[in-house]
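In case you want the letters, here they are:
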Amino acid sequence: VLFRSRMKKRMRMLACVLATGMIFTGTAVSAESQETEKTTEATTEKDAEAEKDPVMATVEGEEIYQSELVAMTQYILQQYQSNGYDTTDETVQNHIVDTAMNMLVQLRITELKAQELKLDEFTEEELEGLKKQAQEQWDESFEIYKSLYMAQDASLEEKDAEEKAKETMAQYGYATSDMLFEQMKNDEVFRRLQEYCIADVSVSDEEVKETYEEYVALDQESFADNVPLYEQAIAAYGSNGSYYIPEGYRYFTHIRLDADEEKLGELQELMYSDATAADATAANAQQEKEIQQLKGEILEEVQDTVDEIEKKFKEKESFEDLIKEYSVDASDTNYVGYSVHKDSIFWDKDFVDTAMAVEKIGEISEPVVCADGVYILYYDSDIKGGPIEYTDTLKENLHAELLSQAQNEKFSSMIHEWADEYDIQYIG
């Protein structure tokens, strides 16, 4: 579930493509017609080619072949599947094929329009630059393949590894850098066309501020009383997940003490395995008893260190210095503290309960045993709830997001306008 209307506006990858045999039921030739064809004279070479790869549509006479539709459909299918869609559903399958055809038609339209605007013309200098880039990319890929083959087989001669690398690249259509060169040309033409379309697109400061306020209102409605949903959004989208912070969050820094690896492994198995006994209630109770017993054993083994830390903290040694001295995370360049709420869902219950039991800012918690070690938490500060601050960085990021949306919408609308100018025919 996620979450608000702005999420729906974000760029989503176009979706996907059915197995070849499932797609073209409408283009199958009946047995009767096939039999009739057998009795006719031999067809021309052109007809034979068309039979192998039928034309599915034309744009101003420019043909779109079944093989192109299959490839595009398969690409979109992979995207749908990777995003968890049920691609066995017939409605989804039909949508995928329609999407693939629309994409191919739009590609032909952009090619024709670029030709009309002479955006597909290159100077000799530009072509040489693209050829150089293509060759550099080809050489880089070739070296990677060669290195992989030599790493797989230390006895392989370098010249044999080179041959294998060339064969592999040829299988993908890159026997030389020519294909890369053509792709780079096409990409550049497409970029020029986009630039032509979006040259006058802009977003004002007022629009950015209005959108910020809209996002705040939407997120407040979604998250103010729903911490689990808020944390799911943050987990999915990071700092972009919400423009509103629910009240009640505390920020903790921590010391993490290592413990017996074998016992931590046992603890992980107990904590993250579901009871499967017939009497689930009894099984869960027994599992919880075993978890607490194991946690007690783990804590006992590091109790002397815990006592040292608590003693030094009472003697006014800074928690920051204690982190450096004792925490196994101290040298981690990505070391961060924890934002914890009483309704948090991504921490163990004991961890949350221990954190929320600390009474005052500047105090430390009782030690708490988790699946990756023993923690001592320092109540650093309260996190201010409400709308996130409208900083210059936020403004810049939101401006970039809105500008990208506006540019994509403008480009898409112009493609639809151009479609009315061209003769588009669907076959079959």
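Starting from 1, residues in each chain are numbered consecutively following that chain's sequence as written. Given that this is a predicted model, residues contribute local features only at a pLDDT of at least 70 and side-chain atom pairs are listed and counted only at 80 or more, while totals for whole chains, interfaces and linings are drawn from all residues. Here the side-chain values reflect all heavy atoms present in the structure, with hydrogen atoms and water set aside.

(A) Summary view of the overall build of the chain. Helix and strand definitions here come from DSSP, where helices need a minimum of 4 consecutive H or I residues and strands a minimum of 2 consecutive E residues; each element is numbered from the N-terminal end. The helix and strand inventory of the chain stands at 16 helices and 9 strands. Within the chain, the proportion of its 428 residues that are buried is 36%. The contact criterion used throughout is that any non-hydrogen atoms of two residues lie within 4.5 Å. Taking contacts inside the chain between residues at least 6 apart in sequence as the whole, the part at least 24 apart equals 72%. Accessibility throughout is a Shrake-Rupley quantity obtained with a 1.4 Å probe, and a residue counts as covered only by protein chains that appear here. Put simply, the chain shows about 26500 Å² of open surface, and 48% of that area lies on carbon and sulfur atoms. For the exposure calls, accessible area comes from a 1.4 Å probe over protein chains only, and a residue counts as buried if that area is under 20% of its type's maximum, exposed if over 50%, partly exposed in between.

(B) A look at a negative patch on the surface. On the surface, Asp258, Asp260, Glu261, Glu262, Glu266, Glu269 and Asp372 cluster together to form a negatively charged patch. Overall, the relative accessible area of 31% leaves Asp260 in the partly exposed class. Patches here: salt-bridge-free residues with over 30% relative accessible area, like charges joined within 9 Å, nonpolar side chains (Val, Leu, Ile, Met, Phe, Trp, Tyr) joined within 5 Å. The term salt bridge refers to a pairing of a side-chain nitrogen on Lys or Arg with a carboxyl oxygen on Asp or Glu at a separation within 4 Å. This count recognises Lys and Arg as positive and Asp and Glu as negative, with His and chain-terminal groups excluded. Think of each charge as sitting on NZ of Lys, CZ of Arg, CG of Asp or CD of Glu.

(C) Just the nonpolar core, in detail. For this analysis, a nonpolar core means a set of buried residues of the types Ala, Val, Leu, Ile, Met, Phe, Trp, Tyr and Cys, connected via side-chain atoms within 4.5 Å. Residues Val59, Ile76, Ile109 and Trp418 are the most contacted members of the largest nonpolar core, which totals 41 residues. Within the residue set of this core, elements represented by two or more residues are β1 (55-59), α5 (66-82), α6 (90-116), α7 (124-152), α8 (158-171), α9 (178-198) and α16 (392-419). By residue number, the principal contributor to this core is α6, which donates 10 residues. Judged by nonpolar contacts, the second largest core, of 23 residues, contains Leu267, Leu299, Leu322 and Val374.

(D) Up close: the pattern of salt bridges. Evaluated as defined, the whole model comprises 21 salt bridges. Here Glu162 ties to Lys146 by a salt bridge, and the two come within 3.8 Å at their closest N and O atoms. In this pair, Glu162 sits in helix α8 while Lys146 sits in helix α7, placing the two residues 16 residues apart along the sequence. With a closest N to O distance of 2.8 Å, Glu315 and Lys311 form a salt bridge. It is possible to trace a salt-bridge network through shared partners that takes in Glu126, Glu188, Arg191, Arg192 and Glu195.

(E) Here's a closer look at helix α10 (residues 205-223). Under the 1.5 Å per step criterion, the end-to-end length of α10 is 26 Å for 19 residues, consistent within 8% with the ideal 27 Å. Of the positions making up α10, those classed as buried are Val208, Thr211, Tyr212, Tyr215, Val216, Asp219, Ser222 and Phe223. The arc that holds every buried residue of α10, seen down its axis, measures 140 degrees, which confines them to one face. Those residues of α10 that are exposed and angled more than 90 degrees off the buried face are Glu206, Glu210 and Glu221. How far a helix is expected to stretch is found by multiplying one less than its residue total by 1.5 Å. Working definition: the arc comes from the directions between the helix axis and the C-beta atoms, pointing outward to the latter.

(F) How the structure looks around the packing of α10 against α16. Note on definitions: angles span 0 to 180 degrees between N-to-C directions of axes, and those axes are lines fitted to C-alpha atoms, for helices only across the stretch in contact. Put simply, α10 and α16 touch, their axes get as near as 10 Å, and they point 100 degrees apart. Relative to α16, α10 is oriented roughly perpendicular. Residues Asp205, Glu207, Val208, Thr211, Tyr212 and Tyr215 of α10 lie in contact with α16, whose contacting residues are Leu394, Lys395, Leu398, His399, Glu401, Leu402 and Gln405. The residue inventory of the contact of α10 with α16, partitioned by class, reads 6 nonpolar, 3 polar and 4 charged. Note on angle classes: values under 35 degrees are labelled roughly parallel, values over 145 roughly antiparallel, values of 65 to 115 roughly perpendicular, and the remainder oblique. Each residue receives one of three labels: charged for Asp, Glu, Lys and Arg, nonpolar for Ala, Val, Leu, Ile, Met, Phe, Trp, Tyr, Cys and Pro, and polar for the others, Gly being one of them.

(G) Molecular detail of the pairing of β1. When you tally the buried positions in β1, you get 5 out of 5 residues, the bulk of the element. Following DSSP output, two strands are said to pair if at least two bridges run between them. In this antiparallel pair of consecutive strands, β1 and strand β2 (residues 62-65), the connection spans 2 residues, and Glu60 shows a positive phi of 55 degrees.

(H) Geometry of the environment of Lys209. Here Lys209 lies in helix α10. Residue class for Lys209 comes out partly exposed when judged on its relative accessible area of 34%. In this structure, the C-alpha to C-alpha distance between Lys209 and Lys395, residues 186 residues apart in sequence, is 7.8 Å.

(I) The arrangement of the sheet that holds strand β7 (residues 373-382) in detail. Taken in spatial order, the 4 strands make up an open sheet running β5-β4-β7-β6, and their pairing is antiparallel. The sheet is open, and its two edges are formed by β5 (338-340) and β6 (368-370), each paired on a single side. Each neighbouring strand pair of the sheet contributes to a mean axis angle of 45 degrees, computed without reference to strand direction. On top of the sheet, helix α15 (residues 349-357) reaches β4 (250-257), β5, β6 and β7; it is set at about 85 degrees to β5, its chief contact.

(J) Summary view of the packing of α6 against α9. Running from amino to carboxyl end, α6 crosses α9 at an angle of 75 degrees, the nearest separation of the two axes being 10 Å. Comparing their axes, α9 and α6 come out roughly perpendicular. Counted together, Thr110, Lys113 and Ala114 of α6 and Val189, Phe190 and Leu193 of α9 form the full contact between these two elements. Per-class residue counts for the contact of α6 with α9 are 4 nonpolar, 1 polar and 1 charged.

(K) Fine view of the pairing of β4. In terms of residue burial, β4 counts as a mostly covered element, since 7 of its 8 residues are buried. Bridge count for β4 against β7 is 8 bridges, and the pairing is antiparallel. By the bridge assignment for β7, His254 is matched with Leu377.

(L) The environment of Tyr174, seen in detail. Structurally, Tyr174 is set in the loop between α8 and α9. Take Tyr174: its relative accessible area is 23%, and that puts it in the partly exposed class. For the pair Tyr174 and Ser141, spaced 33 residues apart in sequence, the C-alpha separation works out to 10.0 Å. In this structure Tyr174 touches Trp138, Met169, Met179, Leu180 and Gln183, once residues within four positions along its chain are discounted.

(M) Structural detail: the sheet that holds strand β9 (residues 424-426). Overall, antiparallel pairing links the 3 strands, which are arranged β2-β1-β9 in an open sheet. Looking at the sheet topology across the chains shown, the edges are occupied by β2 and β9. The mean angle between the axes of side-by-side strands here comes to 20 degrees, regardless of whether they run parallel or antiparallel. Direction of pairing for β1 relative to β2: antiparallel, over a ladder of 4 bridges. Following the sheet pairing, Val55 is matched in β2 by Tyr65.

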